[in-house]
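Observations on the model geometry
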Amino acid sequence: DEGGFAPALGSNEGALKVIEGNRRIKASRKNSLEVIPARIARGQYTPAQIIALRANLSLILHSLRKPNAIQEFNAVRQLEKQGKSEAAILQLTGMPIQTIRRWQRLGNLCKSLMTAFESGKIGARVAHEAAKLSNKYQEKLTVILEKNKRLTLHDVLQIKQIKEAEAIEFLPVEMFELTDKERS
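Here is what the cut-offs are and how they apply
Residues numbered from 1 in each chain as written. Predicted model: local features only at pLDDT ≥ 70, side-chain atom pairs only at ≥ 80, totals over all residues. Heavy atoms only, no water. Phe/Tyr/Trp six-rings, centres within 6.5 Å; stacked < 30°, edge-to-face > 60°. Helix = DSSP H or I, 4+ residues; strand = E, 2+ residues; numbered from the N terminus. Buried < 20%, exposed > 50% of the residue type's maximum accessible area, 1.4 Å probe, protein only. Salt bridge = Lys/Arg side-chain N within 4 Å of Asp/Glu carboxyl O. Lys, Arg positive; Asp, Glu negative; His and termini not counted. Polar contact = N/O pair within 3.5 Å; in protein donor to acceptor, adjacent residues only side chain to side chain. Contact = heavy atoms within 4.5 Å. pLDDT = per-residue confidence, 0-100.

1. Structural notes on the packing of aromatic side chains
- A complete count under the given rule lists 3 aromatic pairs for this structure.
- Ring geometry for F73 against F117: centres 5.6 Å apart, planes inclined by 80°, an arrangement best described as edge-to-face. Note that F73 is positioned in helix 3 (residues 69–81) and F117 in helix 6 (residues 111–118), a separation of 44 residues in sequence. You'll find F73 and F117 in the same group, each marked buried.
- Of the aromatic side chains, those joined through ring pairs into one cluster are F73, W103 and F117.

As structure tokens, then:
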């Protein structure tokens, strides 16, 4: 299954029931995948056994989900370079579509922040938040990174506040004045 986490299905009296992976199946259907890889747990299960199986699968999957952010990002980027669609990337990696799109947005990072992310100097969450900013504000983050030798989520949030404050400065004053009707 190429490193992805396939949904688990239980077989009860010939019918398949999703035990784990409802969201993965929904995302696969939404992306029009004709085939959804799955693991089949054969046998007769009572409702209590299904609950226990679901709990065990959740624990196992949770313990396995310690992805290396840089490897995930590079995998998505490599598949994009090969011309793969989001649906194909989903099927090949087993990543939820939202995760794929977050990795794709990192393409908005300026070169210095991308290099810092790829070298592990900034974490995935910081990189994701920085990628939402324009180059002007990413360059401000680069200055902070060079000065402090690190970049935190707090730094990114401070730059976002500066961006918002600068945007408000350009709004017409009339937008903040109450009309006579609004005062009463």
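2. Points about the pattern of salt bridges
- Evaluation of the coordinates by the stated rule reveals 6 salt bridges.
- E129 is paired through a salt bridge with K132; the nearest N and O atoms lie 3.2 Å apart.
- The exposure class assigned to E129 is buried, which follows from its relative accessible area of 11%.
- K160 is paired through a salt bridge with E129; the nearest N and O atoms lie 2.6 Å apart. Within this pair, whereas K160 is found in helix 9 (residues 153–169), its partner E129 is found in helix 7 (residues 124–131), the two being separated by 31 residues in sequence.

3. Some details on the side chain of D155
- For D155, the location among the structural elements is in helix 9.
- In this structure, D155 is buried with no salt-bridge partner, the nearest side chain bearing the opposite charge being R150 at 6.0 Å.
- A distance of 2.9 Å separates a polar side-chain atom of D155 from the backbone nitrogen of T152.
- Discounting residues that sit within four places of it in the chain, D155 has contacts with L141, I144 and R150.

4. Looking at the confidence of the model for the chain
- For the chain, the mean per-residue pLDDT works out to 80, and 78% of the residues sit at or above 70.
- Here strand 1 (residues 8–12) is the element of the chain with the lowest mean pLDDT, 62, and helix 8 (residues 135–148) is the one with the highest, 95.

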